[in-house]
Amino acid sequence: MRATIFDGSARRAYTDEDAHALAPNTPYVWIDAVSSQLRDPEVLHLLDQMGFSDVVAAYTTRSTSTGMFQVFDDNMLGSTYVAADNVDDPPVLIHCVWNSGCFVTIRQAGAKAVDLVHEQVGPRAKALFADPGPVPGILLQLMLDSIDRQLTALQTQIVVLDGEIIVTSDPRQLKLLQELRRPVQALGMTLPSCAENVRESLVDPSSLPGVDAHGVQALQTYAACVNDVVQRVQSADADVRSAIQDYQGQVSTAQGNRINQLTLVSIIFLPISFLTGYFGMNFEYLVNETQSFGTWLLLGVVLPIMMVVVSAALLRRGGFHVGHMLRFRVRGGEKARGAAAVPRAASDS
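All of these numbers come straight from a predicted model, not from anything done at the bench. (Residues numbered from 1 in each chain as written. Predicted model: local features only at pLDDT ≥ 70, side-chain atom pairs only at ≥ 80, totals over all residues. Heavy atoms only, no water.)

**Digging into the overall build of the protein chain**
The following threshold applies: Comment: elements are numbered from the N terminus, with helices defined as DSSP H or I runs of at least four residues and strands as E runs of at least two. For every residue, the accessible area obtained with a 1.4 Å probe (protein chains only) is divided by the maximum for its type, and the residue is called buried under 20%, exposed over 50%, and partly exposed between those limits. Per-residue accessibility takes into account occlusion by the displayed protein chains alone, with areas from the Shrake-Rupley method and a 1.4 Å probe.
Helices and strands together make up the secondary structure of the protein chain, namely 10 helices and 10 strands. Here the protein chain holds 349 residues, and the buried ones make up 39% of them. By element, 56% of the accessible surface of the protein chain is carried by carbon and sulfur atoms, the whole surface being about 19400 Å².

**Remarks on the sheet that holds strand 1 (residues 2–6)**
Quick reminder of the rule: Note on pairing: DSSP must find at least two bridges between two strands before they are called paired. To define axes, lines are fitted to C-alpha atoms, for helices over the stretch in contact only, and angles between the resulting N-to-C directions are given on a 0 to 180 degree scale. By the convention used here, residues are in contact when the closest approach between their heavy atoms is within 4.5 Å.
Sheet architecture is open: 7 strands sit in the order 2-1-3-7-6-5-4, paired in mixed fashion. At either end of the open sheet lies a strand with only one pairing partner, and these are strand 2 (11–13) and strand 4 (70–72). On average, each strand axis in the sheet is tilted by 25° relative to the strand beside it, whichever way the strands run. Packing of helix 4 (residues 111–121) onto the sheet brings it into contact with strand 1, strand 2, strand 3 (29–34), strand 5 (75–82), strand 6 (92–98) and strand 7 (102–107), and relative to strand 3 it is tilted by some 165°. Relative to strand 5, helix 6 (residues 135–167) is tilted by about 15°, and along the sheet it contacts strand 3, strand 5, strand 6 and strand 7.

**Considering helix 2 (residues 41–49)**
Rules: Throughout, the arc means that of the directions going from the helix axis to the C-beta atoms. Contacts described as polar in this section are N or O atom pairs within 3.5 Å, which, within protein, must combine one atom able to donate a hydrogen with one able to accept it, while residues neighboring in sequence count only if both atoms come from side chains.
Every buried residue of helix 2 is accounted for by Val-43, Leu-46, Leu-47 and Gln-49. The buried residues of helix 2 occupy an angular sector of 160° when the element is viewed end-on, so they sit on one face. Those residues of helix 2 that are exposed and aimed more than 90 degrees away from the buried face are Pro-41 and Asp-48. Buried positions along helix 2 lie against strand 1, helix 1 (16–21), helix 3 (54–59), strand 6 and strand 7. Here helix 2 starts with a cap whose side-chain oxygen sits 3.0 Å from the backbone nitrogen of Glu-42, and that cap is Asp-40.

**Things to note about the environment of Leu-187**
Of note, Leu-187 is situated in helix 7 (residues 171–201). For Leu-187, a relative accessible area of 1% corresponds to the buried category. Sequence separation between Leu-187 and Ala-83 is 104 residues; the distance between their C-alpha atoms is 9.3 Å.

**Concerning the packing of helix 6 against helix 8 (residues 213–279)**
Formally: Each angle is binned into one of four classes, with values under 35 degrees roughly parallel, values over 145 roughly antiparallel, values of 65 to 115 roughly perpendicular, and all other values oblique. Crossing handedness is read from the near helix: turned anticlockwise from the far helix by less than a right angle, it gives a left-handed crossing, and turned clockwise, a right-handed one. Classification used: nonpolar for Ala, Val, Leu, Ile, Met, Phe, Trp, Tyr, Cys and Pro, charged for Asp, Glu, Lys and Arg, polar for all others including Gly.
Relative to each other, helix 6 and helix 8 sit at 15°, their axes nearing to 9 Å. Regarding the angle of helix 6 to helix 8, the classification is roughly parallel. The crossing of helix 6 and helix 8 is left-handed. Across the contact of helix 6 with helix 8, the residue classes break down as 20 nonpolar, 8 polar and 6 charged.

**Focus on the packing of helix 7 against helix 8**
Across the interface, helix 7 lies against helix 8 with an axial gap of 8 Å and an inter-helix angle of 155°. With respect to helix 8, the axis of helix 7 lies roughly antiparallel. As helix 7 runs across helix 8, the sense of the crossing is left-handed. By residue class, the composition of the contact of helix 7 with helix 8 is 20 nonpolar, 3 polar and 4 charged.

Okay, here's the thing in structure tokens:
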């Protein structure tokens, strides 16, 4: 276990002497414990030294939590989540327990997010810790804010990638979408149930013992933040689904274009296939009368070229435009009766 203590002015390593020095009349402190395993004996020892009961110790060393806020022996228990150090990992659960003298967090990861919270609290820590009532709610908000920043980065990447997909699709884009979807799914599996339980637990924070008016406001703000993060998770998931649908649409369109091109090429060369089959038959007349160079030139060169030209002309007349390298586009635009002609809209086939 590694533990630090922050009193509003400095952050240092936690020692056993700190537990004996803590009292309701001493300056408010934040103790952050990083456990090395579930039910870490050193964490249990720390909680015991600080006077927390076995029930509190059992609650704060669980591997899962649903965001419930409960009261045990005049101590408040709760939990929140922070963004993992690796964006692909699921959010990190942080157990919280506090009273009038201290705020304790117990976690196994999330070092970057917690360090950033310390940096954010630092400039206003003295003023904040002088009135400890709203401190738990404010710290919970700052921890949850790490997930909000992660969502902002993810949604930005998704939107940019979706814009690239609309312009042109590439198989690498689908792989990137799958990578972006993993953290969004991890957040979506964790936070909604937490938000629901936080909302139910904090319907009336004023009924919680030891929570003053400022503390009630801070906890209510935290509950609103949790709901907002859940909505953003759902929005990010919808953005990923939309981007995947755009990619599938682009792929389907490209495949349809290739099929149309192959179909039109087949139509153009169908007469040549007919000529090949016809003149390939061993009729005595064909064998005896088509041996001269002029006949070969007429039937083997001029006639196939004419058939291709006629087929292309008929297709063009029927509404298809023969472009460069046998690319075709359907000619749109019809004249409405009694109105001006509508401009042609060309679409690649």
